[in-house]
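Tertiary structure, described
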Amino acid sequence: MRETLVLNASFEPLATVSLRRAVVLVMQDKAVVEHAHPGLRIRAASVDVPVPRVIRLSRYVRVPFRRQASWSRRGVLARDQHRCAYCGKRAMTVDHVLPRSHGGGDTWLNTVASCAEDNHRKADRTPEQAGMRLLRRPFVPTPADALVSALGVSARDELPEWLGALPA
Ligand SMILES: [Zn+2]
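Residues numbered from 1 in each chain as written. Predicted model: local features only at pLDDT ≥ 70, side-chain atom pairs only at ≥ 80, totals over all residues.

The chain has the name HNH endonuclease in an unreviewed UniProt entry, where Streptomyces yunnanensis is given as its organism.

As structure tokens, then:
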């Protein structure tokens, strides 16, 4: 996957994001293209943008340079793209894999997005006790993931398929 470098408004490098995310940021006027692949453009009905190598955010974003993004319910839902870790349907709640009543904490590795139904069904049990299986393992998001969610680019903002077919 082609990666694009993201600079803060102050020109300091922040992270790399996928080309798709970079194009979304430019299309949403959240970033401008600083450096593009020569001669390559993404063209479609209402879109005509250069293929960005480097973009710069339109507004300065204060990014805490922690080794880890700090945990939040919103962050867990964004990390899991609002998909339930047990059934894959739309998730609005956060489930503690090891329940808090069993000592499970508010950490990236112990929490997953969950639909209300599965969260209720699992209740105060571990997935094993409830006979439920995690579709994917929870993970600690990278600073780039945290930046992308801070910028408000959600999975629903992903570009349509035709933009995936870019010239090599
Ligand atoms: Zn579910």
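Right, let's get into the overall build of the chain. Counting its regular elements, the chain contains 5 helices and 6 strands. Starting at the N terminus and walking to the C terminus, you meet the elements of the chain as β-β-α-β-β-α-β-β-α-α-α. Taken over 168 residues, the chain has a buried fraction of 26%. Restricting to contacts in the chain with at least 6 residues of sequence separation, those with at least 24 account for 60%. (Helix = DSSP H or I, 4+ residues; strand = E, 2+ residues; numbered from the N terminus. Buried ≥ 20, exposed ≤ 12 C-beta atoms within 10 Å, placed from the backbone. Contact = placed C-beta atoms within 7 Å.)

The next thing to look at is the pairing of strand S2 (residues 13–18). Two faces make up the sheet, and in a regular strand the side chains alternate between them. Bridge count between strand S1 (residues 3–7) and S2: 5 bridges; the pairing is antiparallel. Note that in S2 the partner of leucine 7 across the bridge is proline 13. Joining the antiparallel neighbours S1 and S2 is a turn of 5 residues, in which phenylalanine 11 adopts a positive phi near 75°. (Pairing = 2+ DSSP bridges.)

Let's shift gears to the environment of serine 114. Looking at the secondary structure, you find serine 114 in strand S6 (residues 111–114). Spatially, the C-alpha atom of serine 114 lies 4.1 Å from that of cysteine 84, the residues being 30 residues apart in sequence. For serine 114, the contacting residues outside a window of four places in its chain are Cys84, Ala85, Tyr86, Ala91, Thr93, Val94, Asp95 and Asn119.

Look at phenylalanine 11: it is not a glycine, yet its phi comes out positive at around 75°. If you trace the backbone, phenylalanine 11 turns up in the loop between S1 and S2. Even without being glycine, alanine 123 reaches a positive phi, approximately 50°. We classify alanine 123 as exposed; it has 11 C-beta atoms within 10 Å.

Turning to the environment of lysine 89, a few remarks are in order. The residue lysine 89 is located in the loop between helix H2 (73–79) and strand S5 (93–96) in this model. Once the C-alpha coordinates of lysine 89 and alanine 113 are considered, the two residues, 24 residues apart in sequence, prove to be 10.0 Å apart. The contact partners of lysine 89, leaving out residues within four places of it in the chain, are Cys84 and Cys115.

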